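Fold and geometry: a report
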Amino acid sequence: MLARPAKYIWQHLRYIPLWTVLTYSKWRGFDDRARSLGNVFGWAMSWIPIARRRFDREIRRIYPDMVLAERLSLSRKMGQNMGRTLFEVFHNTEFQERQDRFHISGPGLAVLQKARAEGKGAILVSGHFGQWEAVRAVLKYRGMETAGVYRPQSNRHYQRLLARGIEQGGKPALSTGPNGTKAMIRHLRSGGFVAILLDEKTVDGEMLPFLGFDALTSLAAARLALKYDVPFMPVFGTRRENSSDIDVEFENPVEPSDPSTMTHAFNDNLSARILEKPDQWYWLLRRWKDMRR
């Protein structure tokens, strides 16, 4: 009987730091508020031991010769970028109004416009890199509202903010799991677009190379793209240095072949971007943990 009240109290306690920052900066401008949360996350990455240990474990796998000072600098920059991104997701309605901050490129946008004109769906794939929500903001502004897939949070407060932000970015907001998958299939079959972050581990995934090491990777998105004959398109929102300006890139769809080959191609694409701008990727995903063991 005590477990539920204790869990409820713990969820409140964990939410207090985020609530404090969001409330304290409420009177400031959008960029200043986003920067404030970024600075808090940057501080946390520098000074909270559990965060530093998790970051060091992952970063040293890819950069075994990186010295401590470089790791500390990179962890702080990553925290700043992710804090800004999180603020923008939580305030997605305001974020989507900032179309002058989005700098669009790539042949994929024309592909999506053609698909929409033909009543055909599409699967957009990205990762926890830069500001991925900028892609949906660009599409929604152009009349191509795109569903977002997200992983539910165990903390009810984070879950409330995240679900609300994803829905503001484009409906429907689809949670991972059987019910969310069924809703996503219905959406695709009706000609809808779906955005999925493919760099999260999943127990039913396949071990595919990612940043040079095998990592559990879901093939579901590629399978659906093949089954319903829709584009499987890599898309990225790369944040400019210490800025709220974002380069939104719509690449050509991955050539249809088989789910493993197509997902492997996406992994290689995202890996190259991370190696070029490692501070833009969220290194705390425990990407190489094998959940099947």
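Above this text is the structure in question.
Report follows, based on the coordinates. Bear in mind the structure is a predicted one, so any value in this text is a computation, not a measurement.

Now for the overall build of the chain. Check the secondary structure of the chain and you find 11 helices and nine strands. Compactness check: the chain gives a C-alpha radius of gyration of 19 Å against a globular reference of 19 Å for 293 residues, within 12% of the reference. A principal-axis box enclosing the C-alpha atoms of the chain has dimensions of 50 × 50 × 45 Å. Counting over 293 residues, the chain shows a buried share of 51%. Here the analysis covers contacts within the chain between residues at least 6 apart in sequence; of these, 75% occur between residues at least 24 apart. Of the roughly 14600 Å² of accessible surface on the chain, a fraction of 55% belongs to carbon and sulfur atoms. The averaged location of the 31 negative side-chain charges in the chain is 8 Å from the averaged location of its 45 positive side-chain charges.

Positionally, Ser-46 belongs in helix 2 (residues 30-47). Overall, the relative accessible area of 12% leaves Ser-46 in the buried class. Excluding residues within four positions of it along the chain, Ser-46 makes contact with Arg-52 and Arg-76.

The subject of this paragraph is the sheet that holds strand 4 (residues 173-175). Strands belonging to one sheet form pairs held by backbone hydrogen bonds; the direction of such a pair is parallel or antiparallel. Spatially, the seven strands line up as an open sheet ordered 1-9-8-2-5-3-4, and their pairing is mixed. Each having just a single partner strand, strand 1 (102-105) and strand 4 make up the two edges of the open sheet. Ignoring which end each strand starts from, the neighbouring axes of this sheet average 25 degrees apart. One ladder, built from three bridges, connects strand 3 (residues 146-150) with strand 5 (residues 193-197); its direction is parallel. Following the sheet pairing, Thr-146 is matched in strand 5 by Phe-193. Its contacts with the sheet place helix 7 (residues 133-141) against strand 1, strand 2 (122-126), strand 3, strand 5, strand 8 (232-239) and strand 9 (246-250), and it is angled at close to 70 degrees to strand 9. Against the sheet, helix 8 (residues 156-169) makes contact with strand 3 and strand 4, and its axis sits at roughly 160 degrees relative to strand 3, the strand it touches most.

Let us now look at the packing of helix 2 against helix 3 (residues 49-62). Axis separation between helix 2 and helix 3 bottoms out at 5 Å; the angle between their running directions is 80 degrees. The angle between the axes of helix 2 and helix 3 places the two elements in the roughly perpendicular class. Every residue of helix 3 that contacts helix 2 at Ala-44, Met-45, Ser-46 and Trp-47 is listed here: Pro-49, Ala-51, Arg-52 and Phe-55. Split into classes, the residues belonging to the contact of helix 2 with helix 3 amount to six nonpolar, one polar and one charged.

Turning next to the pattern of salt bridges. The final tally for this structure, using the stated rule, is 15 salt bridges. A salt bridge links Arg-136 to Glu-133, with the nearest nitrogen and oxygen atoms 2.9 Å apart. Highlighted residues: Arg-136 and Glu-133, both in helix 7, separated by three residues, approximately one helical turn. When salt bridges that share partners are traced, they join Asp-31, Arg-98, Arg-101 and Asp-245 into one network.

This next bit is on the packing of helix 2 against helix 4 (residues 68-90). The contact between helix 2 and helix 4 brings their axes to 6 Å, and the two run at 140 degrees. With respect to their mutual orientation, helix 2 and helix 4 come out oblique. Here helix 2 and helix 4 pass one another in a crossing that is right-handed. For the pair helix 2 and helix 4, contact is made by Phe-30, Arg-33, Ala-34, Arg-35, Leu-37, Gly-38, Asn-39, Phe-41, Gly-42, Met-45 and Ser-46 and by Ser-75, Arg-76, Met-78, Gly-79, Gln-80, Gly-83, Arg-84, Leu-86, Phe-87 and Glu-88, respectively. In terms of residue class, the contact of helix 2 with helix 4 is built from eight nonpolar, eight polar and five charged.

In strand 9, alternate side chains face the same way, and those of Ile-246, Val-248 and Phe-250 are buried while those of Asp-247 and Glu-249 on the opposite face are not. The pairing of strand 1 with strand 9 spans four bridges and is parallel. Note that in strand 9 the partner of His-103 across the bridge is Asp-247. Relative to strand 9, strand 8 is paired through five bridges, and the arrangement is antiparallel.

Core analysis: the biggest nonpolar cluster contains 42 residues, and Ile-123, Phe-232, Trp-281 and Trp-283 have the highest contact counts within it. Of all the secondary-structure elements, those providing two or more residues to this core are helix 3, helix 4, strand 2, helix 9 (178-189), strand 5, helix 10 (220-227), strand 8 and helix 11 (259-276). Residues contacting Phe-232, with those up to four places away along its chain left out, are Ile-123, Val-125, Leu-198, Ala-221, Ala-222, Ala-225, Pro-253, Val-254, Met-262 and Phe-266. Formed by 24 residues, the second largest nonpolar core is a distinct cluster that contains Ala-34, Phe-95, Val-135 and Ala-195.

Calculation criteria
Residues numbered from 1 in each chain as written. Predicted model: local features only at pLDDT ≥ 70, side-chain atom pairs only at ≥ 80, totals over all residues. Heavy atoms only, no water. Helix = DSSP H or I, 4+ residues; strand = E, 2+ residues; numbered from the N terminus. Rg over C-alpha atoms; globule rule 2.2 N^0.38 Å. Buried < 20%, exposed > 50% of the residue type's maximum accessible area, 1.4 Å probe, protein only. Contact = heavy atoms within 4.5 Å. Areas by Shrake-Rupley, 256 points an atom, 1.4 Å probe, with all protein chains shown as cover. Lys, Arg positive; Asp, Glu negative; His and termini not counted. Charge placed at Lys NZ, Arg CZ, Asp CG, Glu CD. Pairing = 2+ DSSP bridges. Axes fitted to C-alpha atoms, helices over the stretch in contact; angles between N-to-C directions. Parallel < 35°, antiparallel > 145°, perpendicular 65-115°, else oblique. Nonpolar A, V, L, I, M, F, W, Y, C, P; charged D, E, K, R; others polar. Salt bridge = Lys/Arg side-chain N within 4 Å of Asp/Glu carboxyl O. Left-handed = near helix turned anticlockwise from the far one by under 90°. Core = buried A, V, L, I, M, F, W, Y, C linked by side-chain atoms within 4.5 Å.

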